[in-house]
Amino acid sequence: MRRPAGRPKPEVQNVGSGPVRTCVGCGSRRLQAELTRFVIGPGGAIEVDRKRRLPGRGAYLCGAGCLTAALKRKAFGRAFRGKAGQVDPSQLGQAWEQGDGERRGAGGSGC
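Here goes a summary of the coordinates provided. Given the structure is predicted, the values throughout are model-derived calculations rather than measurements. Numbering of residues starts from 1 in every chain and runs along the sequence as written. Local features in a predicted model are, by the rule used here, given only for residues with pLDDT of at least 70; side-chain atom pairs are given and counted only at 80 or more, and totals for whole chains, interfaces and linings are based on all residues. Neither water nor hydrogens contribute to the side-chain values; these are computed over all heavy atoms in the structure.

**Considering unusual backbone geometry**
A positive phi angle is found at lysine 74, which is not glycine, with a value near 55°. With respect to the helices and strands, the residue lysine 74 is situated in the loop between helix 1 (64-73) and helix 2 (75-79). Its relative accessible area of 64% is what places lysine 74 among the exposed residues. Although it is not a glycine, arginine 81 adopts a positive phi angle of roughly 55°. A helix here means a DSSP run of H or I that spans at least four residues, while a strand means a run of E at least two residues long, and both kinds are numbered starting from the N terminus. Relative to the helices and strands, arginine 81 resides in the loop between helix 2 and helix 3 (89-103). Here's how the labels work: a residue is buried when its accessible area is under 20% of the maximum for its type, exposed when over 50%, partly exposed in between, all with a 1.4 Å probe on protein chains only.

Structure below.
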């Protein structure tokens, strides 16, 4: 599939050794370790997967601003192929903030 001519190509940042993932909020490509992973939990709600061990398809974000952009663009619905159900922005924001203190030194400064 070709990218529309007027749309800028996403930046590639810190591409080195290791898996590279794309942020669903801004489209930048980063090392997987620098991003926060989200999955659909057992109850059908979107959850933050801090340890990257929960089963299923994951969606990645690089910063809090990207969370807002992803919600605005309805990117979680596309990333989870329509299985995300209803997305609660306040619940996702709270889960993000709770884990933000743990990830401060691990990169993922955001956009």
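Still more ground to cover, so stick around.
**Observations regarding the environment of threonine 36**
Considering the arrangement of structural elements, one finds threonine 36 in strand 3 (residues 36-40). Looking at threonine 36, the relative accessible area reads 8%, which means it is buried. Along the sequence, threonine 36 and tyrosine 60 sit 24 residues apart, while their C-alpha atoms lie 5.4 Å from each other.

**Focus: the pattern of salt bridges**
Salt bridge criterion: a side-chain nitrogen from Lys or Arg within 4 Å of a carboxyl oxygen from Asp or Glu. The full count for this structure, using the stated rule, is one salt bridge. As a salt-bridge pair, aspartate 49 and arginine 37 come within 2.5 Å of each other at their nearest N and O atoms. Separated by 12 residues along the polypeptide, aspartate 49 in strand 4 (residues 46-49) and arginine 37 in strand 3 bring together distant segments of the chain.

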